[in-house]
Amino acid sequence: MRVSDYGAMIALAFIFSYLESLIPLPFGIPGIKLGLANLVVVLAISHFGNKTAVIVGIVRIILVGFSFGNLSAMLYSLAGGILSLCVMIVLKRTGKFHVIGVSLAGGVFHNLGQLLVAIRVLDTGKLVYYAPVLMAAGVVTGGLIGFAANGM
């Protein structure tokens, strides 16, 4: 893969992150997002390989964190993104999961990674009660992203 290909994928993921920030979700629950940028990562895993997905995913999170967020938001996103990437790569390697299942698991584990960091940073186990809502959101958004990736 050429440097220009990485740049194009990172730019697309970056733009999707920005567009997502403009879409208000009616849930009022912090941490729940559509995960549009993850479409690029899922496509990278399925079409270009794990190395490409890792580079695109991590560089996008860092760029978005510096551009639109803060260090705290970047920490949460990195935790969720890295855990999500690891799980999706493992599931893809088994050859037993379709792109929709891989993406669905990625959505769930992204939210789980963020929740684990929040529990650690805020030093409270009470946040575990938030897990069912985040896991359900991860299933829905991960499934939708996987469905979109499957059509490409």
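Sequence positions are assigned chain by chain, starting from 1 and proceeding in written order. Local features are withheld for residues below a pLDDT of 70 in this predicted model, meaning they are given only at 70 or higher, and side-chain atom pairs are given and counted only at 80 or more; totals for whole chains, interfaces and linings count all residues. Derived side-chain values reflect all non-hydrogen atoms in the structure, with water molecules and hydrogen atoms excluded from consideration.

To continue, consider the pattern of salt bridges. Salt bridge, as applied in this entry: a Lys or Arg side-chain nitrogen positioned within 4 Å of an Asp or Glu carboxyl oxygen. Within this structure, the stated rule accounts for one salt bridge. Put simply, Asp5 and Arg2 hold a salt bridge, and the shortest N to O gap is 3.4 Å. For Arg2, a relative accessible area of 55% corresponds to the exposed category. Using a 1.4 Å probe on the protein chains alone, a residue whose accessible area is under 20% of its type maximum counts as buried, one over 50% counts as exposed, and one in between counts as partly exposed.

Moving on to the nonpolar core. Here, the term nonpolar core denotes a set of buried Ala, Val, Leu, Ile, Met, Phe, Trp, Tyr and Cys residues that are joined through side-chain atoms within 4.5 Å. Membership of the largest hydrophobic core comes to 23 residues, with the highest contact counts inside it found for Val41, Val42, Ile45, Ala53, Val56, Met88 and Ala149. Counting only elements with at least two residues in this core, the list comes to α1 (3-21), α2 (37-47), α3 (50-68), α4 (71-94), α5 (99-122) and α6 (131-150). Strands here mean DSSP runs of E at least two residues long; helices mean DSSP runs of H or I at least four residues long; both are numbered from the N terminus. Ranked by residue count, the leading element in this core is α2, at eight residues. Not counting the four nearest positions on each side in its chain, Ile45 is found in contact with Asn50, Ala53, Leu85, Met88, Ile89 and Lys92. In what follows, residue pairs with any heavy atoms lying within 4.5 Å of each other are defined as contacts.

A few words on unusual backbone geometry. Phi is positive for Asp123, close to 55°, though the residue is something other than glycine. Secondary-structure assignment places Asp123 in the loop between α5 and α6.

Another point: the packing of α2 against α4. Helix-helix packing: each pair is described by the crossing angle between the helix axes and the interaxial distance. The convention used is that axes are lines fitted to C-alpha atoms, helices contributing only their stretch in contact, and that angles between N-to-C directions extend from 0 to 180 degrees. For the pair α2 and α4, the least separation of the axes is 11 Å and the interaxial angle reads 30°. As summarised for this structure, α2 and α4 are arranged roughly parallel, according to the angle between their axes. Considering how the two elements wind past one another, α2 and α4 form a crossing that is right-handed. Residues Val41, Val42, Ile45 and Ser46 of α2 touch α4, and the partners they reach there are Leu85, Met88, Ile89 and Lys92. Looking at the contact of α2 with α4 residue by residue, the classes come out as six nonpolar, one polar and one charged. Under this scheme an angle from 65 to 115 degrees is roughly perpendicular, one under 35 degrees roughly parallel, and one over 145 degrees roughly antiparallel; angles in between are oblique. Crossing handedness follows the turn of the near helix against the far one: under a right angle anticlockwise gives a left-handed crossing, and clockwise gives a right-handed one. Residues are grouped as follows: Ala, Val, Leu, Ile, Met, Phe, Trp, Tyr, Cys and Pro are nonpolar; Asp, Glu, Lys and Arg are charged; every other residue, Gly included, is polar.

Remember, this is a structural readout, not a statement about activity or role.
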